[in-house]
Amino acid sequence: MYLSKLFIPILKDLPSDEKIKSHQLMLKAGMIKQSAAGIYSWLPLGFKVMKKIEQIVREEQNKIGAQEMLMPTIQSSEIWKESGRYDDYGDEMLRIKDRQGREMLYGPTNEELITEIFRSSVKSYKLLPQMLYHIQWKFRDEIRPRFGVMRCREFYMKDAYSFDLNEEDAKNSYNKMFFSYLNTFNRLELKAIPMSADTGPIGGDLSHEFIILADTGESQIYADKKIFDIRLDNFKNEKLSLDKMRKDFSSIYAVTDEKFNEKEFNSKVSKDNQVKMKGIEVGHIFYFGEKYSSKLNCLIDDQNGKKIAVKMGSYGIGVSRLVGAIIEAKYQNNIMKWPQSISPYEVAIIPNISKNNREYLKKGIEIYNKLKKQNIDALLDDVEENMASKFKKHDLIGIPHQIILGAKSSNDKFEFKEIDKKSELLTLDQILSKLLK
């Protein structure tokens, strides 16, 4: 992509009421534009990052055998009334009526709908276990939307649901999702810590939030610092190892503020090991057994022909929220550096262009075409602008690698740098080798 062709409305000035760096950067870099309170249009740069996050989430869900589907954003009120949550959910639920006067709602979550789909389709234990997921827009009418995409009203989310015959199988599904989440955040270069958490309006008796540390987070966390030393590569994707993995994490004190007990914290964690920090929730998983299957009469025939309620779990990741969370975790000294896996482009080509000298631009176009042949997604800055302004702009955009064409370049060597490191002079073949890694 040529920068001159890219729709990227960079702002010079920010509204004074934007408080956190992710909201500031996403507005300033032209990633999003506010449509209404807590509702945003995703512009090309931000949309590209979000879709790459979505793909990583999808790949990790598929690896554990979850099957993708798609449920609608608008749901009937009837199944929510059947579960008892239509009135209980509160004012966050956007309730609407169609032209026939039928009560509908914009889905804040999908436990009821997925249970209704399952109960009408599966009658025998032979079809269990099942794990289904979709990635879809949700709406929760926050009383005070704030922090940009971190706490907005309309958001993009992956939610998955497991259906099992008994509690042992259901806990194994929970463990699989626990492992999948750790892998997902690892691929996003995030250190996400699973914390024992309150189940909230979803309900259930087993729940973990996945939290990344950030001063701007809304979750207060209390933990033993030993939990940060557990390595994901110690576990294999096998039933016994997965159960051990969750128990290893759960054996170390780590809770959100809803579950915090100061006396318990002080008795279980030495003063030297106590961590008290803010964090951002990026995922939440629940096991709630028969909470929805019993109320919605979601029954199957077991091995003895007896009708029983299936055991269920629910698992969410805020895909759009992750864009903001990653910025909060990675933005340092007014410089953004996207993880390579989700960067909007793999490399920025930055030639020094003036009215009297177009040679660096010609060379930049030549390099751009060679990278394109190697399926390397590059952004060519073909805008006539002084280099100081270009560097400031690219520090804002956050593409992790740069090829700089200027005074330090020669016929066969070019300045190549990672955005937060010193540059080096390399041949194009050497640059290709680094990028293709």
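What you see is a predicted model, and the numbers here were worked out from it, not measured in a lab.

Participant: Before we move on, could you go through the packing of aromatic side chains and cite the residues and values that matter?
Facilitator: Scanning the model with the defined rule gives 16 aromatic pairs in all. An angle of 70 degrees between the planes, with centres 5.6 Å apart, marks the rings of Phe260 and Phe265 as edge-to-face. The class of Phe260 is partly exposed, set by a relative accessible area of 24%. Overall, Phe265 belongs to the buried group, its relative accessible area being 1%. Of the aromatic side chains, those joined through ring pairs into one cluster are Phe178, Tyr181, Phe185, Phe210 and Phe249. The cationic tip of Lys48 hangs over the ring face of Tyr345; the distance from NZ or CZ to the ring centre is 3.7 Å. It is Arg95 that lies over the ring of Tyr86; its NZ or CZ is 5.0 Å from the centre.

Participant: Just give me the short version of the sheet that holds strand S5 (residues 94-97), but keep the residues and values in it.
Facilitator: A sheet is described by the order of its strands in space; here 3 strands give the open sequence S4-S6-S5, paired in antiparallel fashion. The open sheet terminates on both sides in strands that have one partner only, identified here as strand S4 (74-76) and S5. Between one strand axis and the next, the sheet turns through 40 degrees on average, direction left out of account. Inspection of the sheet shows S4 paired to strand S6 (residues 103-106) by 3 bridges, in the antiparallel sense. Each bridged residue has a counterpart across the sheet, and for Gln75 the counterpart in S6 is Leu105.

Participant: Could you give me a rundown of the sheet that holds strand S19 (residues 401-405), with the residues and numbers involved?
Facilitator: Here we have 5 strands laid out as an open sheet, ordered S18-S17-S19-S20-S21, and mixed in their pairing. The sheet terminates laterally at strand S18 (378-380) and strand S21 (424-426), the two strands that pair on one side only. Recorded for the sheet is a direction-independent mean angle of 30 degrees between the axes of neighbouring strands. Across 3 bridges, strand S20 (residues 414-418) lies against S21 in antiparallel orientation. Residue pairing for S21: Glu415 is matched across the bridge by Leu425. This element, helix H11 (residues 359-373), spans strand S17 (347-351), S18, S19 and S20 of the sheet and lies at about 160 degrees to S17. Strand contacts of helix H12 (residues 387-397): S17, S18 and S19, with the helix running at about 170 degrees to S17, the strand carrying the most contacts.

Rules used in this analysis
- Residues numbered from 1 in each chain as written.
- Predicted model: local features only at pLDDT ≥ 70, side-chain atom pairs only at ≥ 80, totals over all residues.
- Heavy atoms only, no water.
- Phe/Tyr/Trp six-rings, centres within 6.5 Å; stacked < 30°, edge-to-face > 60°.
- Buried < 20%, exposed > 50% of the residue type's maximum accessible area, 1.4 Å probe, protein only.
- Lys NZ or Arg CZ within 6 Å of the ring centre and 35° of its normal.
- Pairing = 2+ DSSP bridges.
- Helix = DSSP H or I, 4+ residues; strand = E, 2+ residues; numbered from the N terminus.
- Axes fitted to C-alpha atoms, helices over the stretch in contact; angles between N-to-C directions.
- Contact = heavy atoms within 4.5 Å.

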